[in-house]
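Observations on the three-dimensional arrangement
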Amino acid sequence: MSNSKFDCVVIGAGLSGMSAAITVAQAGKKVLLLDQHNLPGGCASSFVRGRFEFDASLHEFCGLGKPGDWGLPGKIMMEDHGLDVNWLYIPELYRCVGTARSGRKFDTVLPTGEEELIEKMEELVPGSREPMKVFLSLAKECVEANDYFSANMSTVKKDGMLKTDSLYFMKNFSNFLKVAERPFNEVMRKIGMPEDAIDLLDVYWTYIGADYEKMSFVHQAWMVYMYTHYQPTINKENAHGLSMACVEKLRELGGELWLNTRALKVCADKEGNITGVLTDVGMVETNYVIANVNPEIAYNKLLDENVKVPVREFKRVNAEKHGIRFFNAYVACNKSVEELGIKDYTIFMPGSLDNAQNIKDSKSYEDNTHSVVVIYNVVNPDASPKGTCTMTFTICYTEDVWGDFTQREYVHKKQELFQKVMDNFEKDTGIIIHDCIEEIELASPWTFAHFLNTPEGTTYGYMVDDWDTMLSRLMAIRKDQPIKGFKTCGAAGARGDGYNMTYTNGWDMANIILEEMEGK
Amino acid sequence: MALNVKVGLIGLLDMLKFANLAKKREQYIAASPAEEIKADYPINNLAKAMHPDYQPLVIDEIIDHAAAGAKTFVFKRADGQPACYFRAGQYISLKLPIGDSFVTRPYSISSSPKWALEGKLAVTIKTNPGGFAADWMLENLKVGDEIKGTEGLGSFYYEKHRDQKHVIALAGGSGITPFLSMAYAIRDGIEDFNLTILFGSRNEEVILFKDEFDAIMAQTDKVKVVHILSEEEKDGYEKGFITADLIKKYAGEDPYSIFICGPEAMYRFVAREVEKLGLERKYVRQEFLGATKTVWKQPEYPQACRDKVFKLTVKQGPNETVCDCSSNEPILVAIERAGIKAPSRCRSGECGWCRSRVISGDVFVPAETDGRRWADKQCTEIHPCASFALSDITIVVPGEYY
């Protein structure tokens, strides 16, 4: 092939890879984006069954913001990248049906908006008004501190860590410094939050899969605050529409997208300098590569042996624990949400609100029926044809519990689990769907391993742990991944999982690559 | 609302904890093993075994159904692996190098999923006079030949959370094959539903798989086959075509789902009959396995474009090919005729494997086989297997490299 020299090649057109490609292209660089599939998006994709289109993953943004008040991901997508997408705001945090550790049964809807949430919590759990005020105030400070941190990530100390202006932090974010890295539940207790209220706020567990007795306050507080303040947000065009908006933007900037094209090797010369990417269609020359790929796959399968991966990188990757993985049931009903009596977009049905019990159950096929369902039409009437609706049920696992099934029993296992999930849903909500399912597709970690090729079919990169929080990862963002001209981005990146996080991480890593291009 | 609360409950020492965050992470990393990273996971290997890029198949046996003008090709895996497990009713797409062309053809699997575990897989191909691939295969393929095929694909299978427990299958000609697989799966205890097959053939002599179905019915009472002969009157057979009345006659009291598979003419006739039954849409499913052969009969087709030959420019990676494109055939056919290797699987607009981007020109996409994603319709992405040229066009086609 001739004339195939690019300033930067991005491997993998997931949201993070697309964000990285757009960021680099916007700086005037010639960019090639590759994907092994015949469509872009990675997790941010959709598929068609009959007259329905299903989002493959939950395309919900946390902390996107609104025009004039964008959160960081919103600012990058809408102001910096100028994507042509339309946002829909979800007026509730969630409906939750489950039993607290106290034995009290809840079936309640938590609203968005700080005041509304505080009042609702007080109504549900008397005595939580004041602690809720403190909690949201702390959470707000965490968000502001995090934003300040994200905007000032360019100065590096001698040890490779980001330089943080301690005095500025102490002056402006002193509470943040005190609580940020404390375990979530511990801080909640310190500020006097009643246990039932803690249980209700821990319901987000299905989205995170972490142990709230260990996970840092800042992570969960950031999420609860962002959802409360900015409202959960989906784009009207669905997940594939979002990906197509990214692709259109990249093309507008002169970037190229090659689909159905695998990156076989990231090549380097004898000195370990990146020289190109070997693909299905031959060698593409470049000195800079961003791979929207899990670091294990990148170091083990992609990177040329000429590149000496520092021992600390091996240790770092070996230290990480794989994040959660999902069972998803994509269901289309031939009745409308009005006919079915559905009012809520997100319904958590954990059974028990006991975080410790849920973590235990998440390591088992039999015991884990802790599900959440999102019903798109509640917020987006155009999500499916008139008189119908689409919904996705999700169960998260913290370990590989699907890898032992045989091919013959696999379909049966998926069907059996969906039966349990549907029975619980009908029992918990009184909403009857079993007789109106027109299309259904069941996906397990096998499915995600197939389509995403991530380790064990995980979709969330690495588990956020007490030693490995979003902030400690961000502090080391320039120390991790020291190989010049080669970076990875995505859910296994510094900011962790979720559409908003991976999109932002693509932007982070592209900015670092751009600095390397300038010889910094 | 003022939310300016100061927290004094947690000690100042916590600030140090924050300062030590980076140190704590470094210590944890330093204490972790330095060994090379192993990126080898059992579930990924399982996924790869079930969803390979393709299955290398070798023809193990050819069964001639001479009277019906059909042959069953029994494949084994050329690499000795078990064949990919599948759901009864699914198809595989075969990759065929015919002359200078690389074409694909989707064929419903006619064997039991149980066979796959034993390493075998069968498809049954019927002669299609004037056609291209089917007759080439019937004439040329012999035992020992190697062919690449996909895993089982499509969603034309019984799904207990969606379908009624009683499925009435309406089959014509080689459209019987997915139902033979379903019948085997029921017999083998892999699927659990009641299957009544209304199978239309011209006369008794050309009925496909009569003996096989008779044997299955002797083993399970969950499968029942009714033969309908269009050109012969004979005891034990229905005479005529598959009509609404005939369906009602064999439906019994229980609610049922209808599955349809057969040639286009049969499908169009039967679909009108099924409409008379007034079933909910969810209880009627069909398998196309091919786009329409008479695109000019489609609603909203601009008649002036019929029987035209347009110029098609295909960009693929760094290559560009210009070829003729008949307005009467799907664009994919023109791409294949030009000797371009392009991805495709279902050939009926459904799976999106051939998804390509139109840079210039107009295309017609029949609504009945428009399986595109919503955003693709807003952009200019098409599925060339079920799209037809209305002018000279230029399209970007992804590569097919394995």
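What counts as what
Residues numbered from 1 in each chain as written. Chains lettered and ligands numbered in written order. Predicted model: local features only at pLDDT ≥ 70, side-chain atom pairs only at ≥ 80, totals over all residues. Heavy atoms only, no water. Salt bridge = Lys/Arg side-chain N within 4 Å of Asp/Glu carboxyl O. Helix = DSSP H or I, 4+ residues; strand = E, 2+ residues; numbered from the N terminus. Pairing = 2+ DSSP bridges. Axes fitted to C-alpha atoms, helices over the stretch in contact; angles between N-to-C directions. Domains from an automatic or database assignment. Contact = heavy atoms within 4.5 Å. Buried area = accessible area lost by both parts, 1.4 Å probe. Nonpolar A, V, L, I, M, F, W, Y, C, P; charged D, E, K, R; others polar. Buried < 20%, exposed > 50% of the residue type's maximum accessible area, 1.4 Å probe, protein only. Polar contact = N/O pair within 3.5 Å; in protein donor to acceptor, adjacent residues only side chain to side chain. Disulfide = S-S within 2.5 Å. Core = buried A, V, L, I, M, F, W, Y, C linked by side-chain atoms within 4.5 Å.

The subject of this paragraph is the pattern of salt bridges. The full count for this structure, using the stated rule, is 60 salt bridges over all chains. Here A:Lys120 ties to A:Glu123 by a salt bridge, and the two come within 3.6 Å at their closest N and O atoms. Note that A:Lys120 and A:Glu123 are positioned in helix α3 (residues 114-124) at a spacing of 3 residues, about one turn of the helix. Put simply, A:Arg312, A:Glu313, A:Arg316, A:Asp468, A:Arg473, A:Lys479, A:Asp480, B:Arg25 and B:Glu26 are held in one network by salt bridges that share partners.

All names here are of chain A. Here we have 5 strands laid out as an open sheet, ordered β11-β2-β1-β15-β21, and parallel in their pairing. Taken across any chain shown, the strands that pair with only one partner, and hence form the sheet edges, are β11 (256-258) and β21 (486-488). Between one strand axis and the next, the sheet turns by 20° as a mean value, whatever way the strands run. Here 3 bridges tie strand β2 (residues 31-34) to β11, and the two strands are oriented parallel to one another. Residue pairing in the sheet places Leu33 in a bridge with Leu257 of β11.

Residue and element names in this part refer to chain A. When its domains are assigned, chain A resolves into domain 1 (8-45 + 64-82 + 237-321 + 465-517), domain 2 (110-228) and domain 3 (325-397 + 403-443). Each of domain 1 and domain 2 has a C-alpha centre, and the two are 28 Å apart. Contact residues are listed per partner, giving 18 residues for domain 1 and 20 residues for domain 2. For the pair domain 1 and domain 2, the two sides together bury roughly 1700 Å², of which 65% comes from carbon and sulfur. Considering only the side of domain 1, the residues that lose the most area to domain 2 are Leu471, Met475 and Arg478, jointly responsible for 33% of the buried surface there. Joining domain 1 to domain 2, the criterion identifies 1 salt bridge. Salt-bridge contacts for Lys214 lead to Asp465; the nearest nitrogen and oxygen are separated by 3.7 Å. Here the residues of the side of domain 1 that touches domain 2 sort into 8 nonpolar, 2 polar and 8 charged.

Moving on to the sheet that holds strand β17 (residues 346-352) of chain A. Residues and elements named next belong to chain A. Spatially, 7 strands are ordered β9-β8-β17-β18-β19-β16-β20 in an open sheet, and the strand pairing comes out mixed. A single partner strand is all that each edge strand has here, and the edge strands are β9 (105-111) and β20 (437-443). The average undirected angle you get between the axes of adjacent strands in this sheet is 15°. Across 7 bridges, the pairing between strand β8 (residues 92-99) and β9 is antiparallel. Across the sheet, the residue bridging to Cys96 is Thr108, located in β9. Packing against the sheet, helix α17 (residues 445-452) makes contact with β16 (325-333) and β20, and its axis sits at approximately 95° to β16.

This paragraph deals with unusual backbone geometry. If a residue is not glycine, its phi is most likely negative; likewise, a peptide bond is most likely trans. Phi at A:Gln481 is positive, roughly 55°, even though this residue is not glycine. One can find A:Gln481 in the loop between α18 (470-475) and β21. Look at A:Gln481 and you get buried, because its relative accessible area is 10%. Non-glycine residue B:Arg347 carries a positive phi angle of around 60°. By secondary structure assignment, the location of B:Arg347 is in the loop between α10 (331-337) and β15 (356-360).

Time to look at the domain arrangement of chain B. Residues and elements named next belong to chain B. Entries for chain B in the domain assignment read domain 1 (50-149), domain 2 (166-287) and domain 3 (296-396). With centres defined by C-alpha atoms, the gap from domain 1 to domain 2 works out at 23 Å. Taken together, the contacts link 19 residues of domain 1 with 16 residues of domain 2. At the junction of domain 1 with domain 2, the criterion picks out 2 residue pairs in polar contact (both at pLDDT 80 or more). Counted by class, the side of domain 1 that touches domain 2 contains 9 nonpolar, 8 polar and 2 charged residues.

So, on to the state of the cysteines. A complete count under the given rule lists 0 disulfides over all chains for this structure. The closest cysteine sulfur to the non-disulfide-bonded A:Cys333 is located on A:Cys436, 3.8 Å from its own sulfur. Cysteine B:Cys385 is unpaired, with the sulfur of B:Cys354 as its nearest cysteine sulfur at 3.8 Å.

To continue, consider the nonpolar core. The biggest cluster of nonpolar side chains holds 137 residues, and the ones touching the most others in it are A:Phe135, A:Phe176, A:Tyr204 and A:Phe217. Look past the residues within four positions of A:Phe217 in its chain and what remains in contact with it is A:Phe135, A:Leu138, A:Cys142, A:Val179, A:Ala180, A:Arg182, A:Pro183, A:Phe184, A:Val187 and A:Met188. By size, the runner-up hydrophobic cluster in this structure holds 36 residues, among which are A:Ala329, A:Phe405, A:Leu417 and B:Met50.

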